[in-house]
Amino acid sequence: MNPHLASMPEDFLYHFALGTKTHDLQAMFGDVKFVCVGGSANRMKAFGQFIHGELGLNGDSSDIRDICEGTDRYCMYKIGPVLSISHGMGVPSISIMLHELIKLLHHAKCRDVIIIRMGTSGGIGLEPGTVVITGTAVDSFFQPQFEQIILGKVITHSTELDKDLALLLLNCGQEIPDFQTIIGNTMCTHDFYEGQGRLDGALCSFSNKEKQEYLKNAYEAGVRNIEMESAVFAAMCHRCDLKAAVVCVTLLNRLDGDQITTPHEVLVEYQMRPQKLVSRFMKQQLELL
Ligand code: R2B
Ligand code: URA
């Protein structure tokens, strides 16, 4: 979608340490059909190893190599037709990654790619561990839009996601009896503490009553979980006509508190839930189920 790209003699994807002159991107990535992204580098490596087993690929899953080892900004693993990439925390971090990922898919001439963000979130009025598939990503005013400042002007982008893809993912979730899966709106904020109405940050400028009122209003606007990347993810994929979905597990119910004190093993199991659901979806699409 960027008219300037065609006239560039070389495109170096700096934060991936990959380039069109130094790498044969089409040979490396031309067969990619699914891109799965998530915040943590360790989690996306573990997802790569998990998918290696799920797809029944040859070789040892512990041998998967970080394609972006030339940088420690993001990690990237390719497992057959699946690319697993980390994006860090927050809108700026994921948006840099997405610019370079979308150019990578373009240079590699990939077609019909599905991209899914798998993440963690704070739930509103849900049992912790519930998986939320984003119906619509909304901003802190519960609006389905992402505002970006470009050349000193505020530009508003739609955060529409693929409805059919969300329903297919919901079906996969409902086939897994171990946890609840729902579709709901996801609020994307620019902060984990005050920005998500938490009382437990280093600073807090509002009362508990004001917090509860805000979360209640969010719930009434259809918001079921809060995280920090969905709006820009949805907006950029929408602008590039990429089929996209967001699947996040809730770590706590924000109506009950702010601190995440759940034992580590429980959180690890929660974080596997979006991975299990997305794995089931990809296997269905690849006709392995
Ligand atoms: C979910 O978890 C992170 C904050 O703990 C953030 O990246 C997000 O969206
Ligand atoms: N990630 C968030 O952004 N918020 C939460 O409450 C939990 C995980």
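Each chain has its residues counted from 1, following the order in which its sequence is written. The naming scheme follows written order: chains are lettered A onward, ligands numbered 1 onward. In keeping with the model being predicted, local features are shown solely for residues with a pLDDT of at least 70 and side-chain atom pairs are shown and tallied solely at 80 or more, while totals for entire chains, interfaces and linings include all residues. The basis for every side-chain value is the complete set of heavy atoms in the structure, and neither hydrogens nor water enter the calculation.

- If you check an unreviewed UniProt entry, the protein chain appears there as Uridine phosphorylase from Callorhinchus milii.
- UniProt positions are given in the numbering used here, feature names are shortened, and annotations may be inferred rather than shown by experiment. Per UniProt, the protein chain has the following entry under Sequence similarities (unreviewed entry): "Belongs to the PNP/UDP phosphorylase family."
- Of the comments in the UniProt record for the protein chain, the one headed Catalytic activity (unreviewed entry) reads "uridine + phosphate = alpha-D-ribose 1-phosphate + uracil".

### What about the site of ligand 2?
(1) Moving on: Near residues are defined by distance, with any heavy atom within 4 Å of the molecule or strand qualifying the residue. The environment of ligand 2 is made up of T120, S121, G122, F192, Q196, R198, I226, E227, M228, L252 and I260.
(2) Moving on: Polar contacts here mean pairs of N or O atoms no more than 3.5 Å apart (in protein, one a potential hydrogen donor and the other a potential acceptor; neighbouring residues in sequence count only if both atoms are side-chain atoms). Between ligand 2 and the protein, one listed contact pairs an oxygen atom with a backbone N or O atom of G122 at 3.5 Å.
(3) Moving on: The protein chains shown are the only cover counted for residues, whose accessible areas, like all others here, come from Shrake-Rupley with a 1.4 Å probe. Calculation on ligand 2 without its partners gives an accessible area of 240 Å², and the protein chains cover 93% of this total.
(4) Moving on: For cavity detection a 1 Å grid was placed over the protein atoms alone, and a set of points counts as a cavity when a 1.4 Å probe fits there but cannot get out; an open set counts as a pocket when protein lies on both sides within 12 Å along at least five of seven lines, with lining residues being those that have an atom within 4 Å of a point. Each molecule is assigned to a cavity or pocket provided more than half of its atoms lie within 2 Å of the corresponding grid points. Assessed atom by atom at 2 Å from the grid points, ligand 2 resides in the second largest pocket.
(5) Moving on: Helical segments are the DSSP runs of H or I of at least four residues, strand segments are the runs of E of at least two, and each set is numbered from the N terminus. Secondary structure elements with two or more residues in the shell around ligand 2: β6 (114–123) and β11 (223–227).

### Description of the pairing of strand β5 (residues 82–86)
(1) Moving on: Buried means the residue's accessible area, taken with a 1.4 Å probe over protein chains only, is under 20% of the maximum for its type, while exposed means over 50%, and partly exposed covers the values in between. Of all five residues making up β5, five are buried, and the element is well covered by its neighbours.
(2) Moving on: What you see with β5 is no split at all: V82, S84 and S86 on one side and L83 and I85 on the other are buried throughout.
(3) Moving on: A pair of strands is labelled paired if DSSP reports no fewer than 2 bridges between them. As judged from the five bridges shared by strand β3 (residues 34–38) and β5, these two strands associate in the parallel manner. Pairing of V35 across the sheet is with L83, part of β5.
(4) Moving on: The pairing of strand β4 (residues 76–79) with β5 spans four bridges and is antiparallel. Of the residues in β5, the one forming a bridge with Y77 is S84.
(5) Moving on: Hairpin connection from β4 to β5: two residues lie between these consecutive antiparallel strands, with G80 at a positive phi of about 55°.

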